[in-house]
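This is what each chain is made of:
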Amino acid sequence: MAHAQLAHSTVISGFVDSLQEPRTPYISPKRLSEALGVKVANLAQLTGVHRNTLRNPSSERLQSRMREMVKVISAATELTGDVDKAIYWYRNEPIADYSHRTAAELVADGQVEAVLAFIRDLENGARG
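- The name given to the chain in an unreviewed UniProt entry is DUF2384 domain-containing protein, with Mesorhizobium kowhaii as the source organism.

With respect to the packing of aromatic side chains
Link 1 in the chain: Tallied over the entire structure, the rule returns one aromatic pair.
Link 2 in the chain: For the ring pair Trp89 and Phe118, a centre distance of 6.5 Å and an interplane angle of 5° mean the geometry is stacked. Pair noted here: Trp89 is in helix α5 (residues 83-92) and Phe118 is in helix α7 (residues 112-123), with a separation of 29 residues, a long-range link. For the residue pair Trp89 and Phe118, the accessibility class agrees, reading buried in each case.

Structural notes on helix α4 (residues 60-80)
Link 1 in the chain: In this model, α4 (21 residues) spans 30 Å end to end at C-alpha, consistent with the 30 Å of a helix rising 1.5 Å per residue.
Link 2 in the chain: Among the residues of α4, Leu62, Gln63, Arg65, Met66, Met69, Val70, Val72, Ile73, Ser74, Ala75, Ala76 and Thr77 are the ones counted as buried.
Link 3 in the chain: Looking one or two residues past α4, Gly81 carries a phi angle of roughly 80°, positive in sign.

Here we look at the pattern of salt bridges
Link 1 in the chain: Throughout the structure, instances matching the rule amount to four salt bridges.
Link 2 in the chain: A salt bridge links Arg65 to Glu68, with the shortest nitrogen-to-oxygen separation between them at 3.0 Å. Placement of both Arg65 and Glu68 in helix α4 is noted, with a separation of three residues, approximately one turn of the helix.
Link 3 in the chain: Looking at Arg65, the relative accessible area reads 12%, which means it is buried.
Link 4 in the chain: Among the residues examined, Glu68 registers a relative accessible area of 22% and is labelled partly exposed.
Link 5 in the chain: Note that Arg101 and Asp109 form a salt bridge whose closest N and O atoms lie 2.0 Å from each other.
Link 6 in the chain: Arg101 gets classed as partly exposed once you look at its relative accessible area, which sits at 24%.
Link 7 in the chain: Accessibility expressed as a relative area gives 49% for Asp109, which makes it partly exposed.

Definitions and limits used
Residues numbered from 1 in each chain as written. Predicted model: local features only at pLDDT ≥ 70, side-chain atom pairs only at ≥ 80, totals over all residues. Heavy atoms only, no water. Phe/Tyr/Trp six-rings, centres within 6.5 Å; stacked < 30°, edge-to-face > 60°. Helix = DSSP H or I, 4+ residues; strand = E, 2+ residues; numbered from the N terminus. Buried < 20%, exposed > 50% of the residue type's maximum accessible area, 1.4 Å probe, protein only. Expected span 1.5 Å × (residues − 1). Salt bridge = Lys/Arg side-chain N within 4 Å of Asp/Glu carboxyl O.

Have a look at this one:
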């Protein structure tokens, strides 16, 4: 069990590290958009910020919204064991309990805690 948790932690840590804006303590909008498979301009919609805000990676609002996305993807990675599967789920899987909206849509609307609660329910054996 501990080995599996360590492996998941390593996967998540590698994913988070890959998002760092070079030589800064910030998440890179460009790198996050690449990881999600979206254009940088579409990242504004997913984060709920104006597209011009993406030009300033140090914007606290932008960083906060991107951290929320990473938090949900990390939690989903713990569940699936695979970052790519977690990202696919995040962007595409409709969640019946939330009017068939995706985790990405819910996070963009500020419902991070609801998505994290849903993931915890799945971890505890609730239906998906």
